[in-house]
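A look at the structure
What follows is each chain in one-letter form.
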Amino acid sequence: MENNTIEWGWEKGKPSNMRSEEHIKFLIEQYNRNRPIDKQVKDMAELNRALLTNEIKYLAMRSVTITERRVYHKAAKITIELPKDLPLEDTEEWLENNESKWEQALDSKFNDATIEYGTGVLECEGMSYESADSETRYDVNGEKYGGHI
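The following refers to the structure shown. Keep in mind that what you see is a predicted model, and the values were worked out from it rather than measured.

When you go through the protein residue by residue, the secondary structure sums to four helices and four strands. Expressed as a percentage of its 149 residues, the buried residues of the protein come to 19%. A sequence separation of at least 24 residues applies to 39% of the contacts in the protein between residues at least 6 apart. Accessible surface for the protein amounts to roughly 12,900 Å². Of this, 49% is attributable to carbon and sulfur atoms.

This is the structure in structure tokens:
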């Protein structure tokens, strides 16, 4: 049977398929390059163990977990009647004290609302709390008056 081993050079008295000292030094230097000192090898036996360990470690495919966060929002609007004699500056308080008059209707609108991509802060006029999970505001029709509830 013919020996088809790659020959890197040899020294007297060693088989022709042995690596030369120069080649061994080169292989070790290449392996140790850019490695921390505690991970470097000193001889061919250590190099072979390190290469075999890495080969076994990565024999199967590696995996990666990809995480993506997408932000969607729904927006709903309802119109309710306010008492005619209610001063504008008391609107917020009146809405907070009378949630039963508008909260269920707003929830029903949300059920039918379309999910849209984005936070809704830029898409919905008057919204400004980008880090909030939800935001409710009012705007008095026919007046330039509104705020957050």
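So, on to the pattern of salt bridges. According to the stated counting rule, one finds two salt bridges in the structure shown. Here glutamate 46 ties to lysine 42 by a salt bridge, and the two come within 4.0 Å at their closest N and O atoms. On the basis of relative accessibility, which here comes to 23%, the residue glutamate 46 falls in the partly exposed class. In this structure, the salt-bridge partner of aspartate 139 is arginine 137, at a minimum N-O distance of 2.7 Å.

Attention now goes to the packing of aromatic side chains. One pass over the full model with this rule turns up two aromatic pairs. An angle of 75° between the planes, with centres 5.4 Å apart, marks the rings of tyrosine 72 and tyrosine 117 as edge-to-face. Note that tyrosine 72 is positioned in strand S1 (residues 72-73) and tyrosine 117 in strand S2 (residues 116-117), a separation of 45 residues in sequence. Judged by its relative accessible area of 44%, tyrosine 72 is partly exposed. Ring geometry for tyrosine 138 against tyrosine 145: centres 6.5 Å apart, planes inclined by 50°, an arrangement best described as tilted. Between the NZ or CZ atom of arginine 35 and the centre of the ring of tyrosine 31, over which it lies, the distance is 3.7 Å.

Here we come to the nonpolar core. Membership of the largest hydrophobic core is limited to seven residues, which are Ile24, Ile28, Tyr31, Val41, Met44, Leu47 and Ala50. Elements represented by at least two residues in this core include exactly helix H1 (21-32) and helix H2 (44-57). By size, the runner-up hydrophobic cluster in this structure holds six residues, among which are Leu95, Trp102, Tyr138 and Val140.

Right, let's get into the environment of glycine 120. When you line up the elements, glycine 120 lands in the loop between S2 and strand S3 (137-140). Looking at glycine 120, the relative accessible area reads 4%, which means it is buried. The spatial distance from the C-alpha of glycine 120 to the C-alpha of valine 71 is 9.1 Å, given a sequence separation of 49 residues. Look past the residues within four positions of glycine 120 in its chain and what remains in contact with it is His73 and Met127.

Residues Tyr72, Ile115 and Tyr117 make up a contiguous nonpolar surface patch of roughly 380 Å² in combined accessible area. The exposed category is assigned to tyrosine 117, whose relative accessible area is 58%.

Taken together, the side chains of Glu89, Asp90, Glu92, Glu93, Glu96, Glu99, Glu103 and Asp107 present a region of like negative charge at the surface. Broken down by secondary-structure element, the contributors of at least two residues to the negative patch are helix H3 (91-97) and helix H4 (103-112). It is H3 that provides the largest number of residues to the negative patch, a total of three residues. By secondary structure assignment, the location of aspartate 107 is in helix H4.

Basis of the calculations
Residues numbered from 1 in each chain as written. Predicted model: local features only at pLDDT ≥ 70, side-chain atom pairs only at ≥ 80, totals over all residues. Heavy atoms only, no water. Helix = DSSP H or I, 4+ residues; strand = E, 2+ residues; numbered from the N terminus. Buried < 20%, exposed > 50% of the residue type's maximum accessible area, 1.4 Å probe, protein only. Contact = heavy atoms within 4.5 Å. Areas by Shrake-Rupley, 256 points an atom, 1.4 Å probe, with all protein chains shown as cover. Salt bridge = Lys/Arg side-chain N within 4 Å of Asp/Glu carboxyl O. Phe/Tyr/Trp six-rings, centres within 6.5 Å; stacked < 30°, edge-to-face > 60°. Lys NZ or Arg CZ within 6 Å of the ring centre and 35° of its normal. Core = buried A, V, L, I, M, F, W, Y, C linked by side-chain atoms within 4.5 Å. Patch = residues over 30% accessible without salt bridge, like charges linked within 9 Å, V, L, I, M, F, W, Y side chains within 5 Å. Lys, Arg positive; Asp, Glu negative; His and termini not counted. Charge placed at Lys NZ, Arg CZ, Asp CG, Glu CD.

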